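Structure at a glance
One-letter residues, chain by chain:
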Amino acid sequence: MNTMIEVPALSDIGFANFANKAWRPHQAEVVQKIAGSKSRVVLVQAPTGAGKSPIALSAAKLSEPKRNRAYRDNRKYPPQSAVLTVTKQLQQQYLRDFSDYAQEVKGRGNYPCLVEPTVTADDAPCTVPSKDAGRCEVQNTCPYFVQRDKALNAPASIHNYAYFLNSTNYSGFFSQQSLLVLDEGHLLDDALMSFISSKIVVSVCAKFDIEPPCQIENENVPAYEIWSAWARRQLPRLKDRLEDIEELRSLDVGLRRLYRAGSNLLTSLHRLATSKEPWICEPLISRGQQVGWEFKPVWIGSLADEYLYQHAERTAILSATILDPDIFCSIIGVPDAEYIELPSTFPVGRKPVYFDPAWYGKYGSDTSGLVKRIVEIIRENKGFKGLVHCVSYALVNAIVAAAPPDVKARIMTHTSADRNQVFEEYLARTDDPVLLSPSMKEGVDLPGDLCRFIIIAKLPYPSLGSPQIKARMNTSLGDRWYQWKTTCDLLQMTGRGMRSADDWCKVYILDGAFARLFQRMRYCLPKWWTDDLKGI
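Here we summarise the structure given alongside this text. Every residue gets a number counted from 1 within its own chain, in the order that chain's sequence is written. Only residues with pLDDT of at least 70 get local features here, since the model is predicted, and only at 80 or more are side-chain atom pairs given and counted; chain-wide, interface and lining totals rely on the full set of residues. Think of the side-chain values as coming from all heavy atoms in the structure, minus any hydrogens and water.

**Brief notes about the side chain of threonine 494**
Our working definition: Secondary structure follows DSSP: runs of H or I at least 4 residues long count as helices, runs of E at least 2 residues long count as strands, and numbering of each begins at the N terminus. For the exposure calls, accessible area comes from a 1.4 Å probe over protein chains only, and a residue counts as buried if that area is under 20% of its type's maximum, exposed if over 50%, partly exposed in between. Identification of polar contacts relies on pairs of N or O atoms within 3.5 Å, with a donor-acceptor requirement for protein atoms, meaning one able to donate a hydrogen and the other able to accept it, and with residues adjacent in sequence counted only if both atoms are side-chain atoms. We call two residues in contact whenever any of their non-hydrogen atoms come within 4.5 Å of each other.
With respect to the secondary-structure elements, threonine 494 resides in helix H18 (residues 478-494). Take threonine 494: its relative accessible area is 9%, and that puts it in the buried class. Looking at threonine 494, its side chain comes within polar contact range of the main-chain oxygen of leucine 491, at 2.9 Å. Ignoring anything within four residues of it in the chain, the contact list for threonine 494 reads Ile454, Ile456, Val507 and Trp529.

Next comes the structure, spelled out in structure tokens:
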């Protein structure tokens, strides 16, 4: 049962940018539930337009009176809440809307070093500890430390997942949050996995005279037990090498970077050496070449409390695509949570989703029918910008190669290296380009004329070529997660174009495999999505 929290008008809650605004439908009710919930974790499924940011910060503000006093008095900094996001765009939105209440802090690489102006704070002399060195002489004016301390003393702080996880687990700052808000919560599994995974890079090992247990070109990767034993042998040796570097207080930037690389390797070795269960080994690829190995747990659920949830009294997880709370909780390691689902405030009919099967997107399938239909849709939408989700660069290349000249003239593509540059060019163009991409399903907002049609060329099924995904599929949760993940990514893809109630965008799903996915997952598809679904 929840504690009843009185929710004032939005204009009276104390945010300067909302002084003349009223609550949107359902916002006040959700704020009340989050602030008054007795559950340690609250899940909120809120579609685009629900106004997740005022919900999150208002719940944080209204949680202040009910914070446990002993919990408050045992901390160095004032009680506060933290908001985590994945995308810089959403991070900036929070800061813009709540600059009078919240402070943002980024990684050290975003701030200059005052001691050595040619480097960032990431490469500053203070990044290498020394027993003989005291506090940095310019720490009181250092842009990074000044901003970090502002965030520590603000009622709320805003971070990306990577910074918060590193800060709480390694330096202890920003731990003991009263309310932790995890926005874009459907990406929590990926964010935690990225933080927890251990990378063994051959070139870094070589700099510390460490030889991996097999040559990099050997396709027979040693068993996890061999790697774990190897890591235990290397730990004392690497610690000694890092201590040697620490003795050299006046280091050049090259040695500092070496120290940071060695510290990251030390963390990876420690996790390999101490893991209680076997992790999955995958080749670590950079620019098409294997440069080492990456070790990951099959699931992050058993580690989530240790690395994340323990740093907060309560946690609110927000996303448009939680879909099935039982599956979601199993994935992210939450035994029980309160679940709140919001309807969409967008009118039906302005975001139609047409199921228009043109092929079955299996590996090696004939793409001629797909290309034909894509060409037709692009021609039907002459004068409008569009986005084609292609899942892989191979599919992008196949579509471009077969497109007729008039369609090819409108097509824009990118590589992994120039993705951001091409995207900015697409945004700036005033004609009708069509962007083909395998990597635009997240973190892309295309309101208004920036996108009037979206094509899903292939369903975004996770690759079964991944050893980790294969291992997941061999567990009891595996198949349910596989269908959930595909559906979650599909809905994220379809939502890139319509961002407000008066916007509009057409969506076409061309992969015939959607019919089967729909039958499997229709029980948890949001009504705001199925109301606009046509052709099935």
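**Focus: the packing of aromatic side chains**
Formally: Between 30 and 60 degrees the pair is tilted, below 30 it is stacked and above 60 it is edge-to-face, where a pair is any two Phe, Tyr or Trp rings, Trp via its six-membered ring, whose centres lie within 6.5 Å.
One pass over the full model with this rule turns up 24 aromatic pairs. Centroid distance phenylalanine 15 to tyrosine 101: 5.2 Å. Interplanar angle 70°. Geometry classified as edge-to-face. Within this pair, whereas phenylalanine 15 is found in the segment before helix H1 (27-36), its partner tyrosine 101 is found in the loop between helix H4 (88-97) and strand S3 (102-104), the two being separated by 86 residues in sequence. Its relative accessible area of 5% is what places tyrosine 101 among the buried residues. Here tyrosine 170 and phenylalanine 195 contribute two aromatic rings whose centre-to-centre distance is 5.8 Å and whose plane-to-plane angle is 40°, an arrangement assigned as tilted. You can see tyrosine 170 sitting in helix H6 (residues 161-171) and its partner phenylalanine 195 sitting in helix H7 (residues 188-196), a full 25 residues away along the chain.

**Let's talk about the pairing of strand S10 (residues 338-341)**
Short version of the rule: Two strands qualify as a pair provided DSSP detects at least 2 bridges between them.
Burial of the side chains of S10 is restricted to one face: Glu338 and Ile340 are buried, whereas none of Tyr339 and Glu341 on the reverse face is. Summarising the sheet, strand S1 (residues 41-45) and S10 pair through four bridges and their orientation is parallel. Each bridged residue has a counterpart across the sheet, and for leucine 43 the counterpart in S10 is tyrosine 339.

**Focus: the side chain of threonine 315**
Turning to its location among the elements, threonine 315 is positioned in strand S9 (residues 312-319). A relative accessible area of 2% places threonine 315 in the buried class. Ignoring any residue separated from it by four or fewer positions in sequence, one finds threonine 315 in contact with Arg40, Val41, Val42, Leu179, Leu180, Leu182 and Tyr309.

**Digging into the packing of H18 against helix H19 (residues 514-521)**
Convention followed: Interaxial angles span 0 to 180 degrees and are taken between N-to-C directions of axes, which are lines fitted to C-alpha atoms, for helices over the stretch in contact. Here the angle decides the label: under 35 degrees means roughly parallel, over 145 means roughly antiparallel, 65 to 115 means roughly perpendicular, and every other value means oblique. Helix crossings get a hand from a simple test, with the near helix turned counterclockwise from the far one by less than a right angle marking a left-handed crossing and a clockwise turn marking a right-handed one. Residues were grouped as follows: Ala, Val, Leu, Ile, Met, Phe, Trp, Tyr, Cys and Pro as nonpolar; Asp, Glu, Lys and Arg as charged; and all remaining residues, including Gly, as polar.
Axis separation between H18 and H19 bottoms out at 11 Å; the angle between their running directions is 115°. The pairing of H18 with H19 is recorded here as roughly perpendicular in orientation. With respect to the hand of their crossing, H18 and H19 are arranged in left-handed fashion. Across the interface between the two elements, Asp479, Gln483, Trp484, Thr486, Thr487 and Leu490 of H18 pack against Phe514, Leu517, Arg520 and Met521 of H19. For the contact of H18 with H19, the residue count by class is five nonpolar, three polar and two charged.

**So, the sheet that holds strand S15 (residues 453-456)**
Overall, parallel pairing links the seven strands, which are arranged S13-S14-S12-S15-S16-S11-S17 in an open sheet. What marks the edges here is a single partner per strand, and that holds for strand S13 (411-412) and strand S17 (533-534). Relative to strand S14 (residues 434-437), strand S12 (residues 386-389) runs parallel, the two sharing four bridges. Opposite valine 388, over in S14, you have leucine 436 as the bridge partner. Contacting strand S11 (353-359), S12, S14, S15 and strand S16 (506-511), helix H13 (residues 368-380) runs over the sheet at an angle of about 170° to S16. Relative to the sheet, helix H14 (residues 393-402) contacts S11, S13 and S14, its axis offset from that of S14 by approximately 140°.

**Focus on the environment of proline 155**
Inspection of the secondary structure assignment puts proline 155 in the loop between helix H5 (143-153) and strand S4 (156-160). For proline 155, a relative accessible area of 31% corresponds to the partly exposed category. In this structure the C-alpha to C-alpha distance between proline 155 and proline 212, which are 57 residues apart in sequence, comes to 47 Å.

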